[in-house]
Amino acid sequence: MGEKEQRRIIEHPILPELKDIKKVTIYYDDKPIEAMEGEAVASALMNAGIRSFRKTVKTHEPRGIFCAIGRCTDCMMIVDGKPNTRTCVTYVVDGMRVQNQNGFGIDSEVVK
Amino acid sequence: MKNFETEVAIIGAGSAGLCAGIQAANAGAKVMIFDENHLPGGQLFKQIHKFFGSREHRAGIRGYEIGKQLLDEVEKSGADVHLNSVVYGIFDGNTLGVVEGDNHYSVKAKKIIIASGGKENYLPFKGSTLPGVMGAGAAQTMVNVNRVLPGKEVIMVGSGNVGLIVSYQLMQAGANVKAIVEAAPSIGGYGVHASKICRAGVPIKVRHTVLEAYGENEVEGAVVAELDENWNVVPGSEQNIACDTICLAVGLNPMSELAYIAGCEMTYIPLLGGHVPMHDENLETTVPGIYVAGDVTGVEEASTAMEEGNLAGISVARALGLINDEEGKEIADNFRNRMLNLRSGAFGEGRRIAKATQVEAFNEFQAKEGAK
Ligand SMILES: Cc1cc2nc3c(=O)[nH]c(=O)nc-3n(C[C@H](O)[C@H](O)[C@H](O)COP(=O)(O)OP(=O)(O)OC[C@H]3O[C@@H](n4cnc5c(N)ncnc54)[C@H](O)[C@@H]3O)c2cc1C
Ligand code: FES
């Protein structure tokens, strides 16, 4: 899926239509991303077409969400400077800064 | 560090924990409920299908509407719900360690109910860690709670109820489900769900599995193959299916760690998802005063989780002497009967037997302890 393509589900056959969404802006590696107030960081990124959130410690493989309920830690990123933040259970705040996490996210030297 | 005291402490504000809290608080107990989420309801708010069962099981109502009803009832009951509050341990069989936001405190309770739910199983195959491979429940959370499509072209692995329901919900959200892959020779879930899927034109490939997910940095496709009677891949049956998402609906397992570290004796019952705490017919574990309810004591459905919550709530109220015993027994029997109704028929019978085994394990353990 292209990065431009929105994935937001506005109309739905059962759930109420998303109307009057309050928008906030978060920054992914310094790039502004429009997010919906109250949503998880992971979902704001997914809506923007970003699904690869971090690289593993030893083999630098990409990881994205797996459980989306805060159980598996696959979705950890650096949020407002804090590494190992589970983005599926962390909610967007206007001006929040989110970075792809490499390894432990503390000191990239550690994981080399 | 602050120390609090309460009559009943409940871990988890999902279907089971909320029902337990409502019953106990309505009987007059001082109740504190803890949940690490920022909102109560556990998995209920992502369940947009209509529930089965009879009227007392709130059949015909959609999960998220039941969630709203429960929140209303819990508010009226006076139970105190603490959100953003992780319970990290149970000490001396009666004290919870809690981290609520930046605060750390302990809660001493006369009765504890663990209702911490379950989590999704993983299935290893080549490429299964690529972004785009996720639990079916994760996809359900994304579309129904966060209102974002995790992908557009989906392959579902597993045809149990979760696989079927979530496939349908992904389609309702606008995704294209290309196939449901099932390793067993027949469809796992209810016929009603399966026929909805078939009517929508989604092939359910039984005796098939996913061998590989491929893609540069994310899923771009899957290799699916047929299995023979011995579950071996039929050579030459491999086919490529382009997709951007692979959902795994291969079961759930109980999050029973808190019960385990509290010293509750466990028993292994694969049909219930693995290691589950032994308990008696009132859902009390081998540690006196610690009760369990919902997925943590065997993965089933939201409707059974609610009934177990009801039973655990009434059981602690009885044990605290808040209801007269005659009346309490009648109410508890009624909840037990409702559970038996849910655990009947071609799909429920196995769970009824498994749950009975769990109570038997408790009785055997107690008899052995008594003989010592
Ligand atoms: C992702 C997912 C999707 C599901 N979808 C369906 C479905 O569509 N239909 C269906 O019938 N069944 C579904 N189930 C199965 C499940 O049986 C029911 O959904 C039901 O909600 C289980 O209720 P529960 O109260 O036991 O657990 P949950 O609803 O999971 O509630 C447990 C709560 O405990 C909290 N918690 C856990 N540990 C701690 C701790 N240490 N400290 C503080 N809080 C804690 C969690 O945050 C959670 O809110 C699903 C399960 C999952 C995991
Ligand atoms: S996806 Fe599992 S913790 Fe976030």
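Residues numbered from 1 in each chain as written. Chains lettered and ligands numbered in written order. Predicted model: local features only at pLDDT ≥ 70, side-chain atom pairs only at ≥ 80, totals over all residues. Heavy atoms only, no water.

Some points on the overall build of chain B
Of the regular secondary structure elements, chain B holds nine helices and 19 strands. Rg of the C-alpha trace for chain B: 22 Å, near the compact-globule value of 21 Å for 372 residues, within the 12% margin. Expressed along its principal axes, the backbone C-alpha trace of chain B runs to roughly 65 × 45 × 40 Å. For chain B, the proportion of its 372 residues judged to be buried stands at 56%. A total accessible area of about 15,300 Å² is found for chain B, and carbon and sulfur atoms account for 50% of it. (Helix = DSSP H or I, 4+ residues; strand = E, 2+ residues; numbered from the N terminus. Rg over C-alpha atoms; globule rule 2.2 N^0.38 Å. Buried < 20%, exposed > 50% of the residue type's maximum accessible area, 1.4 Å probe, protein only. Areas by Shrake-Rupley, 256 points an atom, 1.4 Å probe, with all protein chains shown as cover.)

Focus: the sheet that holds strand β3 (residues 54-55) of chain A
With mixed pairing, three strands are arranged side by side in an open sheet as β4-β3-β8 (chain A). Lying at the two open borders of the sheet, with one neighbouring strand each, are β4 (62-63) and β8 (101-102) of chain A. (Pairing = 2+ DSSP bridges.)

Side note on the nonpolar core
If you look at the biggest cluster of nonpolar residues, it comprises 46 residues, and the most contacted ones within it are L45 and I65 of chain A together with L170 of chain B. With near-sequence residues (within four places) excluded, I65 of chain A lies in contact with A42, M46, F53 and C75 of chain A together with V133, M134, A138 and M142 of chain B. (Core = buried A, V, L, I, M, F, W, Y, C linked by side-chain atoms within 4.5 Å. Contact = heavy atoms within 4.5 Å.)

Description of the environment of K58 of chain A
In this structure, K58 of chain A sits in the loop between β3 and β4. In the structure, K58 of chain A is positioned 36 residues away from K22 of chain A in sequence and 40 Å away in space, judged by C-alpha atoms.

Considering the layout of surface pockets
Residue and element names in this part refer to chain B. Counted as a void, the second largest pocket has a volume near 300 Å³. If you go around the second largest pocket, you meet 14 residues; those closest to its centre are R336, L340, R343, K355 and V359. Ranked by residue count, the leading element in the lining of the second largest pocket is helix α9 (residues 345-371), at four residues. A per-class count over the lining of the second largest pocket returns six nonpolar, one polar and seven charged. (1 Å grid on protein atoms, 1.4 Å probe; cavity = no way out; pocket = protein on both sides within 12 Å on 5 of 7 lines; lining within 4 Å. Points joined across faces, edges and corners; volume = space filled by probe spheres on them. Nonpolar A, V, L, I, M, F, W, Y, C, P; charged D, E, K, R; others polar.)

Observations concerning unusual backbone geometry
In this model, T73 of chain A sits at a positive phi of 65°, which is unusual for a non-glycine residue. Mapped onto the secondary structure, T73 of chain A falls in the loop between β4 and β5 (76-79).

Digging into the packing of aromatic side chains
Aromatic ring pairs are reported here in terms of the distance separating the ring centres and the angle at which the planes meet. Residue and element names in this part refer to chain B. Scanning the model with the defined rule gives five aromatic pairs over all chains in all. Between Y190 and F347, the aromatic rings sit 4.9 Å apart at their centres with planes inclined by 85°, giving edge-to-face as the arrangement. Of this pair, Y190 sits in the loop between β10 (176-182) and α5 (191-199) while F347 sits in helix α9, and the two are 157 residues apart along the sequence. Taking the relative accessible area as the measure of exposure, Y190 reaches 15% and is therefore buried. (Phe/Tyr/Trp six-rings, centres within 6.5 Å; stacked < 30°, edge-to-face > 60°.)

Description of α9 of chain B
Three- or four-residue spacings in an α-helix give side chains the same orientation, since the helix completes a turn every 3.6 residues. Residue and element names in this part refer to chain B. Here α9 is 27 residues long and its end C-alpha atoms lie 38 Å apart, about the 39 Å a rise of 1.5 Å per residue gives. Regarding α9, the residues found buried are G348, R351, A354, K355, Q358, A361, F362 and F365. Looking at the buried side of α9, the elements it contacts are β17 (266-269), β18 (274-277), α7 (302-319) and α8 (325-342). (Expected span 1.5 Å × (residues − 1).)

Some remarks on the pattern of salt bridges
Any two side chains of opposite charge can pair, given that their charged atoms come close. All told, the structure shown has 22 salt bridges over all chains when counted by the stated rule. Put simply, E34 of chain A and K23 of chain A hold a salt bridge, and the shortest N to O gap is 3.6 Å. Linking E34 of chain A in strand β2 (residues 31-36) with K23 of chain A in strand β1 (residues 23-28), this pair joins segments that are eleven residues apart in sequence. Put simply, K126 of chain B and E212 of chain B hold a salt bridge, and the shortest N to O gap is 3.8 Å. Within this pair, whereas K126 of chain B is found in the loop between β7 (118-120) and β8 (133-135), its partner E212 of chain B is found in strand β12 (residues 208-214), the two being separated by 86 residues in sequence. Classification of K126 of chain B by relative accessible area gives exposed; the value is 58%. (Salt bridge = Lys/Arg side-chain N within 4 Å of Asp/Glu carboxyl O.)

Here's the deal with the site of ligand 1
For ligand 1, the set of nearby residues contains 32 residues, the closest of which are A16, D35, Q47, V87 and D295 of chain B. Near ligand 1, the surrounding residues are drawn from chains A and B. One nitrogen or oxygen atom from the main chain of E300 of chain B is found 3.3 Å from an oxygen atom belonging to ligand 1. Measuring from an oxygen atom of ligand 1, one finds a backbone N or O atom of A302 of chain B at 3.4 Å. When isolated, ligand 1 has an accessible area of 980 Å², and the protein chains bury 95% of it. A per-element tally of the shell around ligand 1 places strand β4 (residues 85-91) of chain B first, with three residues. Grouping the amino acids of the shell around ligand 1 by side-chain chemistry returns eleven nonpolar, 15 polar and six charged. (Near = heavy atom within 4 Å. Polar contact = N/O pair within 3.5 Å; in protein donor to acceptor, adjacent residues only side chain to side chain.)

Regarding the interface of chain A and chain B
On the side of chain B, 41 residues touch chain A, which itself brings 39 residues to the contact. Summed over both partners, the interface of chain A with chain B comes to about 3,200 Å²; 58% of that surface belongs to carbon and sulfur atoms. We note a salt bridge from E218 of chain B to R51 of chain A, for which the minimum N-O separation is 3.1 Å. Taken together, chain A and chain B are joined by 14 residue pairs in polar contact (both at pLDDT 80 or more). Mapped by element, the contributors of at least two residues to the side of chain A that touches chain B are α1 (41-47) and β4 of chain A. Top element by residues in the side of chain A that touches chain B is α1 of chain A. It accounts for four residues. (Buried area = accessible area lost by both parts, 1.4 Å probe.)

Focus on the domain arrangement of chain B
Residues and elements named next belong to chain B. Partitioning chain B into domains gives domain 1 (2-119 + 252-371) and domain 2 (122-248). Between domain 1 and domain 2, the C-alpha centre-to-centre distance is 31 Å. Contacts between the two partners involve nine residues from domain 1, matched on the other side by 14 residues from domain 2. Both sides together, the interface formed by domain 1 and domain 2 hides about 940 Å², and carbon and sulfur atoms give 64% of it. Counting across the domain 1 and domain 2 interface gives zero salt bridges. (Domains from an automatic or database assignment.)

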